[in-house]
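One-letter residues, chain by chain:
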Amino acid sequence: MPERKYDRILRIAKSRGFMWPSSEIYGGIGGFFDYGPLGSLLKQNIENKWREIFIIREGMSEIETPTLMPESVFLASGHIDHFDDPLVECKKCQENYRADHIVEEKLEISTDAMGVKELQKLISENKIKCKCGGTFSEVWAFNLMFKSEAGAGKIKRDVYLRPETAQGMFVAFDRLYQVGRKKLPMGVCQIGRSFRNEISPRQGMIRLREFTQAEAEIFYNPRKKEHPKFSRIKNHILPLYTEKYQEEERKEVLEMTVEDAVKDGVIASQLQAYYLVLAEKFFEEIGIPRSKMRCRQQLSDERAHYSSETWDIEILSEDFGWVEVAAIADRTDYDVSRHAATSRKKLEVHDEGEKFIPHVMEASFGIDRPFYCLLEQSFVEEEDRTYFKFTSEMAPIKAGIFPLVKKDGLPEKAEEIFSDLIKNKIIVKYDSGGSIGKRYARFDEIGTPYCITVDHDTLEDGKVTIRKRDTTEQEYCKTEDIVEKLKV
Ligand SMILES: [Zn+2]
């Protein structure tokens, strides 16, 4: 079998320090990855783009809440009762499997909406057995949260690692509402780690047990589902893979303006449409081509327990097919109502003489999956070189600075340029090892858009050679213009 693109990318990612399996010296553990020096920079660039859109342009507030939360939070949120996968155990080899995966593989049918009972029935009726020949136990619901304890003795409390950052924002709603001077709509964001105890995370970077989310929760008055800036985006065309298209097993998407989509009821509200456009913009700005994205409406039977309507943003991956990278979900008043009821606190708002529990529109993004998708979309394999064609904004290292030779005052001049660039907060690397060709190759491989060479002419005329990664074109540039040049 030819090596998958995923494996080729991962090989470079590991050797050059984007990422690698966590706790590797002990054999690693599925679903956990370390971000290396370059990976951390790239991930921060992705997160900062998200911040630029949601915090700076949209004016939302960012908060940070703990990853461990008490059991009561998740009893109220429904995660203790509903956040699970159906499992079976082989009675012979004791291996655990996702019951839905077993049925899908053996019967080649979709199990998306099936509950424990239905899966049980199919396994029994079709006498589905384990690879080892053993029979399976009854199907049971396995909760996907990691459980732990805080404290000891009498004051010990059950705690869980959060499965989404959202709950931290919901339970702090009243505090946020006061701080925000009691105004709706109110957008609150959080970027942080979340955890899901996936049974067999076979898809590497795509299915992680510990991952980073960027979530925006917009608390709104349910009678006001318009968005004040809707007119700015109304002519934008979205590729919509509607519930109807999926039922008809069509392959293409429905291209329509958001204005028409809302008017025709394809997208339920202006508010939801607005954040779908924003999500697409985010992915486009980090470097995912629009042609590789679609908005897929979740089917009514696959939606999370809290959602009335959800659209996923998906990116097409060569090895993993359509990968969900974000979801815009109307969570209604589900979360705030449940927390109000469970905590017995009044979590009401007053808006234009009305008293009510706010509804929430959620724009929830993974960061790790887009990280991988960006590597994949940027990866270029040419006959004599490979490189990541990251935008200047995303590239972990913006430029390499090379003295042509290690003598004649060239290193001193190159170091001077290097210092000038870092003073401008531009991340650059100095490299004087090996031939210029080898240095180009090293910096291409990690997606550095520019290489700057200082040669003997530089000492005479103050000009350096800037070589562009994608075209390998070279141009002369005055040293004082380098900063401006690197911004493009
Ligand atoms: Zn078995």
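This is a predicted model, so every value here is computed, not measured.

**Student:** So, the coordination of the zinc ion: which residues are in play, and what are the values?
**Tutor:** Put simply, a metal with four donors set out as a tetrahedron has ideal angles of 109.5 degrees, and one with six donors set out as an octahedron has ideal angles of 90 or 180 degrees. For the zinc ion, the protein coordination sphere consists of C90 (SG), C93 (SG), C130 (SG) and C132 (SG), at 2.2 to 2.3 Å. Classification of the site at the zinc ion rests on its four donor atoms, whose angles at the metal span 101 to 116°, yielding the label tetrahedral. Each donor residue of the zinc ion lies on the same chain, and together they follow the pattern C-x2-C-x36-C-x1-C. Of this pair, C90 sits in the loop between β5 (84–89) and β6 (96–98) while C130 sits in the loop between α6 (116–125) and β7 (140–143), and the two are 40 residues apart along the sequence. The same class applies to C90 as to C130, namely buried.

**Student:** Residue-level account of the pairing of strand β24 (residues 450–454), with values.
**Tutor:** Among the five residues in β24, five count as buried, and that is most of the element. Neither face of β24 is open: one carries Y450, I452 and V454, the other C451 and T453, and all of them are buried. Of the pairings in the sheet, the one linking strand β22 (residues 399–403) to β24 comprises five bridges and is parallel in character. Bridged to A399 within β24 is Y450. In this sheet, strand β25 (residues 463–468) lies alongside β24 in antiparallel orientation, the contact comprising four bridges.

**Student:** Could you give an account of the packing of aromatic side chains, naming the residues involved and the relevant values?
**Tutor:** Evaluation of the coordinates by the stated rule reveals 23 aromatic pairs. With centroids separated by 5.6 Å and ring planes inclined at 70°, the aromatic side chains of F54 and F365 adopt a geometry described as edge-to-face. Of the two residues, F54 sits in helix α2 (residues 37–57) while F365 sits in strand β19 (residues 359–366), which places them 311 residues apart along the sequence. Classification of F54 by relative accessible area gives buried; the value is 0%.

**Student:** Lay out the pattern of salt bridges with the relevant residues and their values.
**Tutor:** Under the criterion given, the structure shown has 43 salt bridges. Of the charged contacts in the structure, one is a salt bridge between E445 and R16, with a shortest N-O distance of 3.0 Å. With E445 in helix α16 (residues 436–445) and R16 in helix α1 (residues 5–16), this residue pair connects regions lying 429 residues apart in the sequence. Since its relative accessible area comes to 22%, E445 is described here as partly exposed. In this structure, K147 and D158 form a salt bridge, with 3.6 Å as the shortest nitrogen-oxygen distance. With K147 in strand β8 (residues 147–150) and D158 in strand β9 (residues 157–161), the pair connects residues that are 11 residues apart, well separated along the chain. The network of salt bridges with common partners includes K49, E52, R57, E285 and E393.

**Student:** Please provide a residue-by-residue account of the packing of α2 against helix α14 (residues 368–378), values included.
**Tutor:** The interhelical angle for the contact between α2 and α14, taken along N-to-C directions, is 110°, at an axis separation of 10 Å. In terms of orientation, α2 and α14 fall into the roughly perpendicular class. Contacts between α2 and α14 pair G39, L42, K43 and I46 from the former with D368, F371, L374 and L375 from the latter.

**Student:** I'd like a rundown of the packing of α2 against helix α12 (residues 270–286), residues and numbers included.
**Tutor:** Two elements in contact, α2 and α12, have axes whose closest approach is 10 Å; the angle formed by their N-to-C orientations is 145°. Where α2 crosses over α12, the handedness of that crossing is right-handed. Taken together, the residues of α12 that come into contact with α2 (itself represented by I46, K49, W50, E52, I53, F54 and R57) are Y275, L278, K281, F282, E285 and I286. Taken together, the residues that form the contact of α2 with α12 break down as eight nonpolar, no polar and five charged.

**Student:** Lay out the pairing of strand β12 (residues 237–241) with the relevant residues and their values.
**Tutor:** When you tally the buried positions in β12, you get four out of five residues, the bulk of the element. Sheet analysis places β12 next to strand β13 (residues 254–257), joined by four bridges and oriented antiparallel. The residue of β13 that forms the bridge with L240 is L254. In terms of strand pairing, β12 meets strand β14 (residues 293–297) through two bridges, oriented parallel. Paired with Y241 across the strands is R296, a residue of β14.

The rules behind each value
Residues numbered from 1 in each chain as written. Predicted model: local features only at pLDDT ≥ 70, side-chain atom pairs only at ≥ 80, totals over all residues. Heavy atoms only, no water. Donors = N, O, S within 2.8 Å, 3.2 Å for Na, K, Ca; no water. Tetrahedral: all angles 85-135°; square planar, octahedral: opposite > 155°, others 65-115°. Helix = DSSP H or I, 4+ residues; strand = E, 2+ residues; numbered from the N terminus. Buried < 20%, exposed > 50% of the residue type's maximum accessible area, 1.4 Å probe, protein only. Pairing = 2+ DSSP bridges. Phe/Tyr/Trp six-rings, centres within 6.5 Å; stacked < 30°, edge-to-face > 60°. Salt bridge = Lys/Arg side-chain N within 4 Å of Asp/Glu carboxyl O. Axes fitted to C-alpha atoms, helices over the stretch in contact; angles between N-to-C directions. Parallel < 35°, antiparallel > 145°, perpendicular 65-115°, else oblique. Contact = heavy atoms within 4.5 Å. Left-handed = near helix turned anticlockwise from the far one by under 90°. Nonpolar A, V, L, I, M, F, W, Y, C, P; charged D, E, K, R; others polar.

Shape is all these values report; function is a separate question.
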